[in-house]
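# Examination of the molecular architecture
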Amino acid sequence: MTALTFTVAGTGETVAVADFDLVVAGYTGRDEAAVKHHIDELAAIGVPPPDSVPAFYELDAALATQAAAISVDGTNTSGEVEPVLVRAGGKLYLTVGSDHTDRDIETSSVKDSKAACPKPLGTTVIPVDNPDWDAIVAESTVDGVRYQHGPLSALRIPTDVLALLGGSAERDLVMFCGTLTLLDGKFVPGKAWTLSLALPGGPELTHAYSVS
(Lines give C-alpha, C1' and ligand atoms only; values in the text may rest on other atoms or scores of the structure.)
Protein backbone atom coordinates (compact mmCIF):
# COMPACT_ATOMS: atom_id res chain seq x y z
CA MET A 1 0.00 0.00 0.00
CA THR A 2 1.28 3.48 -0.85
CA ALA A 3 1.36 5.87 2.11
CA LEU A 4 -0.66 9.05 1.90
CA THR A 5 1.20 12.23 2.79
CA PHE A 6 -0.49 15.50 3.69
CA THR A 7 0.69 19.02 4.40
CA VAL A 8 -1.03 20.87 7.24
CA ALA A 9 -2.23 24.24 5.89
CA GLY A 10 -0.45 27.23 7.37
CA THR A 11 2.24 25.23 9.18
CA GLY A 12 4.04 23.15 6.58
CA GLU A 13 3.87 20.19 8.96
CA THR A 14 3.69 16.79 7.27
CA VAL A 15 1.21 14.09 8.27
CA ALA A 16 1.38 10.58 6.83
CA VAL A 17 -0.78 7.46 7.05
CA ALA A 18 0.37 4.10 5.72
CA ASP A 19 -1.55 1.38 7.57
CA PHE A 20 -5.10 2.73 7.65
CA ASP A 21 -8.74 1.83 7.12
CA LEU A 22 -10.66 3.34 4.19
CA VAL A 23 -14.39 3.94 4.68
CA VAL A 24 -16.94 5.67 2.47
CA ALA A 25 -20.00 6.93 4.33
CA GLY A 26 -23.17 7.34 2.31
CA TYR A 27 -26.62 8.83 2.81
CA THR A 28 -25.27 11.38 5.29
CA GLY A 29 -27.72 14.17 4.52
CA ARG A 30 -29.01 16.01 7.59
CA ASP A 31 -32.60 16.15 6.29
CA GLU A 32 -33.91 12.62 6.85
CA ALA A 33 -36.92 13.14 4.57
CA ALA A 34 -34.64 14.31 1.77
CA VAL A 35 -32.37 11.31 2.30
CA LYS A 36 -35.34 8.96 2.02
CA HIS A 37 -36.47 10.75 -1.15
CA HIS A 38 -32.96 10.33 -2.59
CA ILE A 39 -32.95 6.63 -1.73
CA ASP A 40 -36.33 6.27 -3.47
CA GLU A 41 -35.01 8.13 -6.53
CA LEU A 42 -32.02 5.79 -6.74
CA ALA A 43 -34.26 2.76 -6.26
CA ALA A 44 -36.28 3.93 -9.26
CA ILE A 45 -33.17 3.59 -11.45
CA GLY A 46 -32.23 0.25 -9.93
CA VAL A 47 -29.86 1.18 -7.12
CA PRO A 48 -30.50 -1.07 -4.10
CA PRO A 49 -31.36 0.75 -0.84
CA PRO A 50 -28.81 0.75 2.01
CA ASP A 51 -29.09 -1.55 5.00
CA SER A 52 -28.66 1.43 7.33
CA VAL A 53 -28.62 5.22 7.25
CA PRO A 54 -25.94 6.44 7.21
CA ALA A 55 -24.36 3.54 5.33
CA PHE A 56 -20.70 2.64 5.73
CA TYR A 57 -18.68 0.90 3.03
CA GLU A 58 -15.30 -0.47 4.10
CA LEU A 59 -12.94 -0.60 1.13
CA ASP A 60 -9.41 -1.64 0.27
CA ALA A 61 -7.18 1.19 1.47
CA ALA A 62 -5.14 0.86 -1.73
CA LEU A 63 -8.00 2.63 -3.54
CA ALA A 64 -7.16 5.92 -1.81
CA THR A 65 -4.97 8.04 -4.06
CA GLN A 66 -3.60 11.56 -4.26
CA ALA A 67 -2.70 11.21 -7.93
CA ALA A 68 -3.74 13.80 -10.50
CA ALA A 69 -5.03 11.07 -12.82
CA ILE A 70 -6.94 7.84 -12.23
CA SER A 71 -7.85 4.91 -14.48
CA VAL A 72 -11.24 3.19 -14.43
CA ASP A 73 -12.56 0.15 -16.27
CA GLY A 74 -16.15 1.25 -16.74
CA THR A 75 -17.45 3.87 -19.16
CA ASN A 76 -20.13 5.22 -16.83
CA THR A 77 -18.28 6.50 -13.77
CA SER A 78 -18.52 9.79 -11.94
CA GLY A 79 -17.15 11.61 -8.91
CA GLU A 80 -18.37 14.13 -6.35
CA VAL A 81 -16.97 16.49 -3.74
CA GLU A 82 -16.80 15.22 -0.15
CA PRO A 83 -15.32 16.30 3.17
CA VAL A 84 -12.80 13.62 4.14
CA LEU A 85 -11.69 12.95 7.69
CA VAL A 86 -8.14 11.69 8.18
CA ARG A 87 -7.25 10.18 11.54
CA ALA A 88 -3.49 9.97 11.94
CA GLY A 89 -1.84 9.09 15.21
CA GLY A 90 -5.08 9.74 17.07
CA LYS A 91 -5.45 13.27 15.64
CA LEU A 92 -8.20 14.31 13.23
CA TYR A 93 -7.69 16.32 10.05
CA LEU A 94 -9.95 17.46 7.22
CA THR A 95 -9.25 17.30 3.50
CA VAL A 96 -11.31 17.09 0.31
CA GLY A 97 -11.95 14.05 -1.85
CA SER A 98 -14.13 12.37 -4.44
CA ASP A 99 -16.01 9.09 -4.02
CA HIS A 100 -15.57 8.12 -7.67
CA THR A 101 -18.11 5.39 -8.45
CA ASP A 102 -19.08 3.05 -11.27
CA ARG A 103 -22.74 3.90 -11.88
CA ASP A 104 -23.49 0.74 -13.88
CA ILE A 105 -22.24 -1.59 -11.14
CA GLU A 106 -24.14 0.53 -8.62
CA THR A 107 -27.45 -0.87 -9.83
CA SER A 108 -26.48 -4.31 -8.52
CA SER A 109 -24.16 -3.53 -5.60
CA VAL A 110 -23.33 -0.14 -4.13
CA LYS A 111 -20.26 -1.46 -2.32
CA ASP A 112 -18.91 -3.12 -5.47
CA SER A 113 -19.52 0.09 -7.43
CA LYS A 114 -17.38 2.01 -4.97
CA ALA A 115 -14.70 -0.67 -4.87
CA ALA A 116 -14.46 -0.48 -8.68
CA CYS A 117 -12.88 2.99 -8.70
CA PRO A 118 -9.98 4.80 -7.01
CA LYS A 119 -10.84 7.39 -4.36
CA PRO A 120 -8.99 10.65 -5.11
CA LEU A 121 -8.25 13.04 -2.27
CA GLY A 122 -6.22 16.16 -1.67
CA THR A 123 -2.75 16.68 -0.24
CA THR A 124 -3.55 19.55 2.13
CA VAL A 125 -5.32 19.14 5.47
CA ILE A 126 -6.43 21.29 8.36
CA PRO A 127 -6.64 20.06 11.96
CA VAL A 128 -10.20 19.36 13.08
CA ASP A 129 -10.49 21.78 15.97
CA ASN A 130 -14.21 22.53 16.23
CA PRO A 131 -14.54 24.26 12.84
CA ASP A 132 -17.75 25.97 11.78
CA TRP A 133 -18.85 23.01 9.67
CA ASP A 134 -22.01 24.69 8.41
CA ALA A 135 -20.05 27.61 6.97
CA ILE A 136 -17.78 25.43 4.84
CA VAL A 137 -18.80 25.59 1.17
CA ALA A 138 -18.22 22.59 -1.08
CA GLU A 139 -18.01 22.71 -4.85
CA SER A 140 -17.18 20.41 -7.73
CA THR A 141 -16.92 20.86 -11.46
CA VAL A 142 -16.83 18.28 -14.23
CA ASP A 143 -15.22 19.15 -17.56
CA GLY A 144 -15.31 22.81 -16.54
CA VAL A 145 -19.03 22.90 -15.67
CA ARG A 146 -20.20 23.46 -12.10
CA TYR A 147 -21.63 20.16 -10.85
CA GLN A 148 -22.22 20.74 -7.12
CA HIS A 149 -22.21 23.79 -4.87
CA GLY A 150 -23.42 24.42 -1.36
CA PRO A 151 -22.60 24.54 2.36
CA LEU A 152 -21.86 21.47 4.44
CA SER A 153 -24.91 22.36 6.54
CA ALA A 154 -26.77 19.98 4.21
CA LEU A 155 -24.75 17.08 5.64
CA ARG A 156 -24.37 15.48 9.04
CA ILE A 157 -21.34 16.89 10.86
CA PRO A 158 -18.39 14.68 9.81
CA THR A 159 -17.27 14.05 13.39
CA ASP A 160 -20.81 12.88 14.20
CA VAL A 161 -20.64 10.48 11.26
CA LEU A 162 -17.32 9.21 12.62
CA ALA A 163 -18.94 8.62 16.01
CA LEU A 164 -21.67 6.54 14.33
CA LEU A 165 -19.02 4.48 12.55
CA GLY A 166 -17.50 3.46 15.88
CA GLY A 167 -14.62 1.00 15.90
CA SER A 168 -11.14 1.48 17.27
CA ALA A 169 -10.02 5.08 17.75
CA GLU A 170 -6.44 3.81 17.64
CA ARG A 171 -6.51 2.87 13.96
CA ASP A 172 -5.50 5.43 11.37
CA LEU A 173 -8.45 6.11 9.11
CA VAL A 174 -9.51 7.86 5.92
CA MET A 175 -13.28 8.37 5.82
CA PHE A 176 -15.29 10.02 3.05
CA CYS A 177 -18.20 11.73 4.78
CA GLY A 178 -20.90 12.15 2.12
CA THR A 179 -21.77 14.64 -0.55
CA LEU A 180 -24.21 17.30 -1.69
CA THR A 181 -26.99 16.91 -4.21
CA LEU A 182 -26.14 17.39 -7.87
CA LEU A 183 -27.18 20.75 -9.31
CA ASP A 184 -29.06 19.19 -12.21
CA GLY A 185 -29.76 15.86 -10.52
CA LYS A 186 -27.91 13.79 -13.12
CA PHE A 187 -24.63 11.87 -12.88
CA VAL A 188 -22.10 13.01 -15.49
CA PRO A 189 -19.39 10.57 -16.67
CA GLY A 190 -16.84 13.33 -17.20
CA LYS A 191 -13.09 13.31 -17.68
CA ALA A 192 -11.81 16.26 -15.62
CA TRP A 193 -12.89 16.93 -12.03
CA THR A 194 -12.14 19.74 -9.61
CA LEU A 195 -13.06 19.66 -5.93
CA SER A 196 -12.97 22.33 -3.25
CA LEU A 197 -13.93 23.00 0.35
CA ALA A 198 -13.83 26.73 1.10
CA LEU A 199 -13.47 27.48 4.80
CA PRO A 200 -14.60 30.84 6.22
CA GLY A 201 -11.49 33.00 6.41
CA GLY A 202 -9.51 30.38 4.47
CA PRO A 203 -7.87 28.18 3.52
CA GLU A 204 -9.46 26.45 0.54
CA LEU A 205 -8.86 22.72 0.30
CA THR A 206 -8.68 21.67 -3.34
CA HIS A 207 -7.91 18.73 -5.57
CA ALA A 208 -8.17 18.12 -9.30
CA TYR A 209 -7.94 14.88 -11.23
CA SER A 210 -8.55 13.43 -14.65
CA VAL A 211 -10.12 10.09 -15.58
CA SER A 212 -9.07 7.68 -18.28
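Scope of this entry: the structure provided in the associated data block.

The rules behind the values
Residues numbered from 1 in each chain as written. Predicted model: local features only at pLDDT ≥ 70, side-chain atom pairs only at ≥ 80, totals over all residues. Heavy atoms only, no water. Core = buried A, V, L, I, M, F, W, Y, C linked by side-chain atoms within 4.5 Å. Buried < 20%, exposed > 50% of the residue type's maximum accessible area, 1.4 Å probe, protein only. Contact = heavy atoms within 4.5 Å. Helix = DSSP H or I, 4+ residues; strand = E, 2+ residues; numbered from the N terminus. Polar contact = N/O pair within 3.5 Å; in protein donor to acceptor, adjacent residues only side chain to side chain. Pairing = 2+ DSSP bridges. Salt bridge = Lys/Arg side-chain N within 4 Å of Asp/Glu carboxyl O.

## Side note on the nonpolar core
Core analysis: the biggest nonpolar cluster contains 32 residues, and L94, M175 and L197 have the highest contact counts within it. Contacts of L94, omitting those with residues within four sequence positions, involve P83, V84, T124, V125, I126, V128, W133, I136, L197 and L205. Listed in part, the 28 residues of the second largest apolar core include F6, Y27, A64 and A88.

## Looking at unusual backbone geometry
Following V53, the chain continues to P54 via a peptide bond in cis, the omega torsion being -5°. Of note, the amide linkage connecting G202 to P203 takes the cis form, showing an omega dihedral of 0°. Position of P203 among the secondary structure elements: in the loop between β16 (192-198) and β17 (204-211). At N130, a residue that is not glycine, the phi angle is positive and equals roughly 55°. In this fold, N130 is placed in the loop between β12 (124-127) and β13 (137-142).

## Examining the environment of A9
Mapped onto the elements, A9 comes out in the loop between β1 (4-8) and β2 (14-17). Overall, A9 belongs to the partly exposed group, its relative accessible area being 25%. Distance from A9 to E204, taken between C-alpha atoms, is 9.3 Å for residues 195 residues apart in sequence. Sequence-distant contacts of A9, defined by excluding residues within four places in its chain, comprise T124, V125, I126 and P203.

## So, the side chain of Q148
Locating Q148 in the fold gives a position in strand β14 (residues 145-151). A distance of 3.0 Å separates a polar atom in the side chain of Q148 from the backbone nitrogen of V81. A polar contact of 2.8 Å, which involves the side chain of Q148, links it to the backbone oxygen of L180. Setting aside chain neighbours within four positions, we find Q148 in contact with E80, V81, A138, E139, S140, T179, L180, T181, L182 and L183.

## Describing the sheet that holds β17
Within the open sheet, the 5 strands sit side by side as β6-β17-β16-β13-β14. Their pairing is mixed. Sheet topology places β6 (69-70) and β14 at the edges, where each strand pairs with a single neighbour. Pairing between β13 and β16: 6 bridges, direction antiparallel. Within β16, the position partnered with E139 by the bridge is S196.

## Focus on the pattern of salt bridges
Where side chains of opposite charge bring their charged atoms close, a pairing between them can arise. This model, assessed by the stated rule, comprises 9 salt bridges. Across the pair R171 and D21 runs a salt bridge, and its minimum N-O distance is 2.9 Å. Taken together, the positions of R171 in the loop between α3 (158-165) and β15 (172-176) and D21 in strand β3 (residues 20-26) put the pair 150 residues apart, joining distant regions of the chain. A network of salt bridges, in which partner residues are shared, links D19, D21 and R171.

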